Amino acid sequence: MQRFPVNRRRRIIYGCAILITVVSGLCSRAYAEHLPSFAAAHLGDALWAAMVYFGFRLLLPGRPLALALALSVLFSFSIEFSQLYQAAWINGWRATLPGRLILGRGFLWIDLVRYTAGICTACALDRVFLNRA
(Lines give C-alpha, C1' and ligand atoms only; values in the text may rest on other atoms or scores of the structure.)
Protein backbone atom coordinates (compact mmCIF):
# COMPACT_ATOMS: atom_id res chain seq x y z
CA MET A 1 0.00 0.00 0.00
CA GLN A 2 1.39 3.38 -1.02
CA ARG A 3 1.66 6.14 1.59
CA PHE A 4 0.18 9.60 1.06
CA PRO A 5 2.64 12.29 -0.01
CA VAL A 6 3.68 14.49 2.94
CA ASN A 7 1.78 17.60 1.78
CA ARG A 8 -1.41 15.63 1.17
CA ARG A 9 -1.18 14.03 4.60
CA ARG A 10 -0.59 17.43 6.19
CA ARG A 11 -3.59 18.90 4.37
CA ILE A 12 -5.79 16.12 5.72
CA ILE A 13 -4.49 16.75 9.23
CA TYR A 14 -5.01 20.52 8.95
CA GLY A 15 -8.45 20.00 7.45
CA CYS A 16 -9.39 17.89 10.47
CA ALA A 17 -7.89 20.52 12.79
CA ILE A 18 -10.05 23.17 11.11
CA LEU A 19 -13.18 21.04 11.48
CA ILE A 20 -12.48 20.33 15.16
CA THR A 21 -11.73 24.01 15.81
CA VAL A 22 -14.89 25.22 14.05
CA VAL A 23 -17.09 22.75 15.95
CA SER A 24 -15.39 23.71 19.22
CA GLY A 25 -15.86 27.42 18.49
CA LEU A 26 -19.54 27.03 17.63
CA CYS A 27 -20.05 24.94 20.76
CA SER A 28 -18.27 27.56 22.88
CA ARG A 29 -20.91 30.06 21.72
CA ALA A 30 -23.92 27.75 21.86
CA TYR A 31 -23.11 26.37 25.32
CA ALA A 32 -21.48 29.46 26.83
CA GLU A 33 -23.71 29.31 29.91
CA HIS A 34 -22.12 25.95 30.80
CA LEU A 35 -18.56 27.28 30.61
CA PRO A 36 -16.64 29.31 33.18
CA SER A 37 -17.27 33.02 32.53
CA PHE A 38 -13.67 33.64 31.42
CA ALA A 39 -13.84 30.84 28.84
CA ALA A 40 -17.29 31.92 27.64
CA ALA A 41 -16.04 35.47 27.11
CA HIS A 42 -12.76 34.70 25.33
CA LEU A 43 -12.71 31.17 23.89
CA GLY A 44 -14.80 31.77 20.75
CA ASP A 45 -12.51 34.48 19.36
CA ALA A 46 -9.37 32.55 20.24
CA LEU A 47 -10.74 29.47 18.45
CA TRP A 48 -11.72 31.58 15.42
CA ALA A 49 -8.12 32.80 15.15
CA ALA A 50 -6.78 29.25 15.64
CA MET A 51 -9.01 28.17 12.74
CA VAL A 52 -7.48 30.94 10.62
CA TYR A 53 -4.01 29.63 11.50
CA PHE A 54 -4.93 26.06 10.56
CA GLY A 55 -6.45 27.41 7.34
CA PHE A 56 -3.14 28.97 6.35
CA ARG A 57 -1.36 25.72 7.21
CA LEU A 58 -3.85 23.87 4.99
CA LEU A 59 -3.17 26.25 2.10
CA LEU A 60 0.61 26.33 2.66
CA PRO A 61 1.49 22.89 4.10
CA GLY A 62 5.18 22.88 3.24
CA ARG A 63 5.91 26.44 4.35
CA PRO A 64 7.40 27.45 7.72
CA LEU A 65 5.23 27.73 10.82
CA ALA A 66 6.35 31.34 11.22
CA LEU A 67 4.77 32.26 7.87
CA ALA A 68 1.40 30.84 8.89
CA LEU A 69 1.71 32.59 12.24
CA ALA A 70 2.47 35.96 10.62
CA LEU A 71 -0.26 35.63 7.98
CA SER A 72 -2.80 34.58 10.61
CA VAL A 73 -2.05 37.59 12.80
CA LEU A 74 -2.16 39.91 9.79
CA PHE A 75 -5.47 38.46 8.55
CA SER A 76 -7.13 38.40 11.99
CA PHE A 77 -6.03 41.91 12.89
CA SER A 78 -7.16 43.15 9.46
CA ILE A 79 -10.62 41.69 10.01
CA GLU A 80 -10.81 43.32 13.44
CA PHE A 81 -9.65 46.72 12.20
CA SER A 82 -12.09 46.47 9.29
CA GLN A 83 -14.85 46.66 11.90
CA LEU A 84 -14.00 50.33 12.34
CA TYR A 85 -15.49 50.81 8.85
CA GLN A 86 -19.24 51.13 9.32
CA ALA A 87 -20.79 51.59 5.87
CA ALA A 88 -24.40 50.45 5.41
CA TRP A 89 -23.53 47.78 2.81
CA ILE A 90 -21.00 46.00 5.00
CA ASN A 91 -23.09 46.38 8.16
CA GLY A 92 -25.91 44.70 6.26
CA TRP A 93 -23.64 41.77 5.53
CA ARG A 94 -22.36 41.73 9.13
CA ALA A 95 -26.00 41.37 10.25
CA THR A 96 -26.14 37.90 8.63
CA LEU A 97 -24.84 34.78 10.37
CA PRO A 98 -21.94 34.26 7.90
CA GLY A 99 -21.08 37.95 8.14
CA ARG A 100 -21.01 37.84 11.95
CA LEU A 101 -18.88 34.69 11.98
CA ILE A 102 -16.37 35.98 9.43
CA LEU A 103 -16.30 39.76 9.91
CA GLY A 104 -17.57 40.22 13.45
CA ARG A 105 -19.70 43.15 14.53
CA GLY A 106 -17.62 45.86 16.16
CA PHE A 107 -14.03 46.67 16.98
CA LEU A 108 -12.81 45.54 20.40
CA TRP A 109 -9.14 45.87 21.33
CA ILE A 110 -9.43 42.77 23.56
CA ASP A 111 -10.16 40.73 20.43
CA LEU A 112 -6.59 41.40 19.28
CA VAL A 113 -5.36 39.74 22.49
CA ARG A 114 -7.78 36.84 22.03
CA TYR A 115 -6.66 36.35 18.42
CA THR A 116 -3.00 36.42 19.39
CA ALA A 117 -3.59 33.85 22.13
CA GLY A 118 -5.52 31.56 19.79
CA ILE A 119 -2.95 31.77 17.01
CA CYS A 120 0.00 31.22 19.36
CA THR A 121 -1.75 28.25 20.97
CA ALA A 122 -2.53 26.73 17.56
CA CYS A 123 1.07 27.27 16.44
CA ALA A 124 2.37 25.63 19.63
CA LEU A 125 0.06 22.64 19.12
CA ASP A 126 1.18 22.49 15.50
CA ARG A 127 4.83 22.49 16.48
CA VAL A 128 4.39 19.79 19.13
CA PHE A 129 1.82 17.47 17.53
CA LEU A 130 0.73 18.20 13.98
CA ASN A 131 3.95 19.21 12.26
CA ARG A 132 5.38 15.71 12.77
CA ALA A 133 3.28 14.37 9.88
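Just above sits the structure.
None of the values given here were measured: they were computed from a predicted structure.

Asker: Tell me about the side chain of R94, and please be specific about residues and values.
Answerer: Within the secondary structure, R94 is located in helix 4 (residues 88-94). Of the polar contacts made by the side chain of R94, one reaches the backbone oxygen of Y85; its length is 2.8 Å. When neighbours within four sequence positions are excluded, R94 is seen to be in contact with S82, Q83, Y85, Q86, G99, R100, L103, G104 and R105.

Asker: Describe the packing of helix 3 (residues 65-82) against helix 6 (residues 109-128), and please don't skip the residues or the numbers.
Answerer: To describe two helices that pack against each other, one gives the angle between their axes and the distance between the axes. Where helix 3 meets helix 6, the axes come as close as 10 Å, and the angle between the chain directions of the two elements is 160°. For the element pair helix 3 / helix 6, the angle class is roughly antiparallel. As for how helix 3 packs across helix 6, the hand of that crossing is right-handed. Listed contacts from helix 6 to L65, L69, S72, V73, S76, F77, E80 and F81 of helix 3 are D111, L112, Y115, T116, I119, C123, D126 and R127. Class assignment for the residues of the contact of helix 3 with helix 6 results in 9 nonpolar, 3 polar and 4 charged.

Asker: Explain the packing of helix 1 (residues 6-30) against helix 2 (residues 37-59) to me, and be specific about the residues and the numbers.
Answerer: In the contact formed by helix 1 and helix 2, the axes pass within 9 Å of each other and the chain directions differ by 165°. The angle between helix 1 and helix 2 falls in the class roughly antiparallel. Where helix 1 crosses over helix 2, the two elements pack in a sense that is left-handed. Between helix 1 and helix 2, the residues in contact are R11, Y14, G15, A17, I18, T21, V22, S24, G25, S28 and R29 and L43, G44, D45, L47, A50, M51, F54, G55, R57, L58 and L59, respectively.

Asker: Outline the nonpolar core, listing residues and values.
Answerer: Judged by nonpolar contacts, the single largest core of 20 residues is most densely connected at W48, A49, Y53, F54 and A122. Among the elements of the structure, helix 1, helix 2, helix 3 and helix 6 are those that each provide at least two residues to this core. In terms of residue count, helix 2 provides more of this core than any other element does, 7 residues in total. If we ignore the near neighbours within four places in the chain, the residues touching F54 are Y14, A17, I18, T21, A122 and L130.

Analysis parameters
- Throughout this description, residue numbers start from 1 for each chain and increase along the sequence as written.
- Totals for whole chains, interfaces and linings use every residue, but because this is a predicted model, local features are given only for residues with pLDDT of at least 70 and side-chain atom pairs only at 80 or more, for both listing and counting.
- Each side-chain value is derived from all of the structure's non-hydrogen atoms; neither hydrogens nor water enter the calculation.
- Under the scheme used here, helices are H or I runs from DSSP no shorter than 4 residues and strands are E runs no shorter than 2 residues, and both carry numbers assigned from the N terminus.
- Polar contacts, as used here, are pairs of N or O atoms within 3.5 Å; protein pairs need one atom able to donate a hydrogen and one able to accept it. Residues neighboring in sequence count only if both atoms are side-chain atoms.
- Between two residues, a contact is recorded if the distance between any of their heavy atoms is within 4.5 Å.
- Helix axes are fitted to C-alpha atoms over the stretch in contact, other axes to C-alpha atoms as well, and angles between N-to-C directions run from 0 to 180 degrees.
- By definition in this entry, angles of less than 35 degrees are roughly parallel, angles greater than 145 are roughly antiparallel, angles of 65 to 115 are roughly perpendicular, and the rest are oblique.
- A clockwise turn of the near helix away from the far one marks a right-handed crossing, whereas an anticlockwise turn of less than a right angle marks a left-handed crossing.
- For this classification, Asp, Glu, Lys and Arg are treated as charged, while Ala, Val, Leu, Ile, Met, Phe, Trp, Tyr, Cys and Pro are nonpolar and the rest, including Gly, are polar.
- In plain words, nonpolar cores are sets of buried Ala, Val, Leu, Ile, Met, Phe, Trp, Tyr and Cys residues tied together by side-chain atoms within 4.5 Å.
- Here the term buried applies to any residue with accessible area under 20% of the maximum for its type, exposed to any over 50%, and partly exposed to those in between, with areas from a 1.4 Å probe on protein chains only.

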